[in-house]
Amino acid sequence: MFLVQVTYVKPLEVIDALLPAHRKFLEANYQAGLFLLSGPREPRTGGIILAQAGSRWELAAVLEQDPFVTEGAATYEIVEFKATRTGKALRFLLDGEC
């Protein structure tokens, strides 16, 4: 499991112009089963993506295709973690090892 912290490095006017393309990118990766949850940070300095990928490298390669990245508007920090506990609503995320 991966937590991706998105940090904007260009003004919000640039981010807003890229939002339609970024949302298409997100939707494609939700459809592929890679992204599980996402949304903007508060205050609006970036966003968060919860992802389930085969490896950090696989996820990094996908993130490089985000218009925010290709246009130099945002950077990503990938944090890998092993989910061991969850509330009932998210139990499906556990891999059964715990």
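Definitions and limits used
Residues numbered from 1 in each chain as written. Predicted model: local features only at pLDDT ≥ 70, side-chain atom pairs only at ≥ 80, totals over all residues. Heavy atoms only, no water. Helix = DSSP H or I, 4+ residues; strand = E, 2+ residues; numbered from the N terminus. Expected span 1.5 Å × (residues − 1). Buried < 20%, exposed > 50% of the residue type's maximum accessible area, 1.4 Å probe, protein only. Contact = heavy atoms within 4.5 Å. Patch = residues over 30% accessible without salt bridge, like charges linked within 9 Å, V, L, I, M, F, W, Y side chains within 5 Å. Areas by Shrake-Rupley, 256 points an atom, 1.4 Å probe, with all protein chains shown as cover. Salt bridge = Lys/Arg side-chain N within 4 Å of Asp/Glu carboxyl O. Arc of directions from axis to C-beta. Pairing = 2+ DSSP bridges. Core = buried A, V, L, I, M, F, W, Y, C linked by side-chain atoms within 4.5 Å. Lys, Arg positive; Asp, Glu negative; His and termini not counted. Axes fitted to C-alpha atoms, helices over the stretch in contact; angles between N-to-C directions.

A. How the structure looks around helix H1 (residues 12-31). Taking 1.5 Å of rise per residue, the 20 residues of H1 would be expected to cover 28 Å, and the 27 Å separating its terminal C-alpha atoms lies within 8% of that figure. Where H1 is concerned, the buried positions are Ile15, Leu18, Leu19, His22, Phe25, Leu26 and Asn29. Buried positions along H1 lie against strand E1 (2-8), strand E2 (35-40), strand E3 (46-51), helix H2 (56-63), helix H3 (67-70) and strand E4 (74-80).

B. Local environment of a nonpolar patch on the surface. Together, Leu3, Val79 and Phe81 make up a nonpolar patch on the protein surface, roughly 210 Å² of accessible area in all. Its place among the elements puts leucine 3 in strand E1. You can call leucine 3 partly exposed: its relative accessible area is 32%.

C. Examining H2 more closely. When we look at burial in H2, the residues that qualify are Leu59, Val62 and Leu63. Seen end-on, H2 carries its buried residues on one side only, within an arc spanning 100 degrees. Buried positions along H2 lie against E1, H1, E2, E3, H3 and E4.

D. Geometry of unusual backbone geometry. Across the junction of glutamate 42 and proline 43, the peptide omega takes the value 0 degrees, indicating a cis bond. Its location among the elements puts proline 43 in the loop between E2 and E3.

E. Layout of the pairing of E1. Burial along E1 is one-sided: the residues Phe2, Val4, Val6 and Tyr8 are buried and none of Leu3, Gln5 and Thr7 is. Looking at chain direction, E1 and E4 are connected through seven bridges and run antiparallel. Counted as the bridge partner of tyrosine 8 is alanine 74 from E4.

F. Region of the structure containing the nonpolar core. Core analysis: the biggest nonpolar cluster contains 21 residues, and Val4, Val6, Phe35, Ile49, Leu59, Leu63 and Phe68 have the highest contact counts within it. Elements that contribute at least two residues to this core include exactly E1, H1, E3, H2 and E4. With five residues, the single largest contributor to this core is H1. Other than its neighbours up to four places away in sequence, valine 4 contacts Gly47, Ile48, Ile49, Leu59, Leu63, Tyr76, Glu77 and Ile78.

G. Quick look at the side chain of aspartate 66. Of note, aspartate 66 is situated in the loop between H2 and H3. No salt bridge is formed by the buried aspartate 66, whose closest oppositely charged neighbour, arginine 23, lies at an N-O distance of 11 Å. Non-local contacts of aspartate 66, meaning those with residues more than four positions away in its chain, are made with His22, Phe25 and Tyr76.

H. Here's a closer look at the sheet that holds E2. One open sheet accounts for four strands, arranged E2-E3-E1-E4; its pairing is antiparallel. Two strands close off the open sheet at either side, each with one partner strand: E2 and E4. Here the average twist between neighbouring strands, direction ignored, is 15 degrees. This element, H1, spans E1, E2, E3 and E4 of the sheet and lies at about 165 degrees to E2. Set on the sheet, H2 makes contact with E1, E2, E3 and E4; between it and E4 the angle comes to about 165 degrees.

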